[in-house]
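Understanding the architecture of this molecule
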Amino acid sequence: MRVVVTGTPGTGKTTATARAADQLDQSVIHLNQLVKDEGLWTERDEERDTLVVDIDGARDHLGDWDGILESHLAHHFEADRVVVLRCRPDLLEERLIERGESEAKARENRESEALDVILGEAVEFHGEDSVYEVDTTDRDPDDVADELVAIVEGEREPSAGTVDFLEYL
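Quick caveat, the model's predicted, so the values are computed rather than measured.

Time to look at helix α6 (residues 117-126). Within α6 the residues assigned to the buried category are Ile118, Leu119, Ala122 and His126. Each buried residue of α6 sits inside an arc of 100 degrees when the element is viewed along its axis, so together they form one side. Contact partners of the buried residues in α6: β1 (2-7), β6 (81-86) and β7 (131-135). Once α6 ends, the next one or two residues include Gly127, with phi positive near 85 degrees.

Dropping the structure here:
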């Protein structure tokens with residue numbers, strides 16, 4: 001089974017997937033690290049201080065993968081289930097600033113989260129029946145990991161569109 005865990009930076013993807021993988025005895029592919037390690041990018045966006053990922057190159061590199069793929073771009077890959085981690089935008093912005101992101105980048109991600117950008121892309125690419133939203137706001141990482149395990153094991157129904165942060169715009 002192929003499960004992607006995606007969401008705006010700062011929603012808890014890396015921590016939750018690592019803990020869920022331990023419970024499931026599965027590996028996690030951390031796409032952002034893979035992109036850096038394997039040179040799967042086309043250019044550096046200096047203004048945003050980020051790499052522009054070569055999605056097609058990354059797809060080719062992964063081939064017929066299985067397990068858990070984690071990244072804010074993971075929803076661009078074929079999968080059986082798509083988990084979109086969400087976080088209240090004001091808390092998300094605070095987390096990003098605490099980990100050293102610029103105020104401009106943190107604000108951009110806050111707005112993206114409020115506008116459901118990644119959720120919209122995930123639903124557009126995979127359809128509502130494959131997308132699961134998990135609100136990580138004020139939740140313990142182990143609790144989020146348990147939620148991921150339930151999704152992987154088919155114990156939870158798809159839930160696209162259940163989280164609403166528009167009031168944070």
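This part takes up the nonpolar core. Formed by 22 residues in total, the largest nonpolar core has its most connected members in Val4, Leu31, Leu62, Leu69, Phe77, Val82 and Val84. Where this core is concerned, the elements lending two or more residues are α2 (31-38), α3 (55-62), β6 and α6. Excluding residues that lie within four positions of it along the chain, Phe77 makes contacts with Val4, Leu31, Ile55, Ala58, Arg59, Leu62, Leu69, Phe125 and His126. Counting residues in hydrophobic clusters, the runner-up holds 16 residues, among them Leu24, Val83, Leu85 and Val144.

Axis separation between helix α1 (residues 13-24) and helix α7 (residues 141-152) bottoms out at 8 Å; the angle between their running directions is 55 degrees. The angle between α1 and α7 falls in the class oblique. Crossing geometry of α1 relative to α7 is assigned as right-handed. Counted together, Thr15, Ala16, Thr17, Arg19, Ala20, Gln23 and Leu24 of α1 and Pro141, Asp142, Val144, Ala145, Asp146, Leu148, Val149 and Val152 of α7 form the full contact between these two elements.

Turning our eyes to something else, we now look at the packing of helix α4 (residues 89-98) against helix α5 (residues 103-114). In contact at an axis separation of 9 Å, α4 and α5 are set at 155 degrees when each is read in the N-to-C sense. The angle between the axes of α4 and α5 places the two elements in the roughly antiparallel class. Between α4 and α5 the crossing geometry is right-handed. Of the residues in α5, those in contact with Pro89, Asp90, Leu92, Glu93, Leu96 and Ile97 of α4 are Glu103, Ala106, Arg107, Asn109, Arg110, Glu113 and Ala114. Residues belonging to the contact of α4 with α5 are distributed by class as follows: six nonpolar, one polar and six charged.

The rules behind the values
Residues numbered from 1 in each chain as written. Predicted model: local features only at pLDDT ≥ 70, side-chain atom pairs only at ≥ 80, totals over all residues. Heavy atoms only, no water. Buried < 20%, exposed > 50% of the residue type's maximum accessible area, 1.4 Å probe, protein only. Helix = DSSP H or I, 4+ residues; strand = E, 2+ residues; numbered from the N terminus. Arc of directions from axis to C-beta. Contact = heavy atoms within 4.5 Å. Core = buried A, V, L, I, M, F, W, Y, C linked by side-chain atoms within 4.5 Å. Axes fitted to C-alpha atoms, helices over the stretch in contact; angles between N-to-C directions. Parallel < 35°, antiparallel > 145°, perpendicular 65-115°, else oblique. Left-handed = near helix turned anticlockwise from the far one by under 90°. Nonpolar A, V, L, I, M, F, W, Y, C, P; charged D, E, K, R; others polar.

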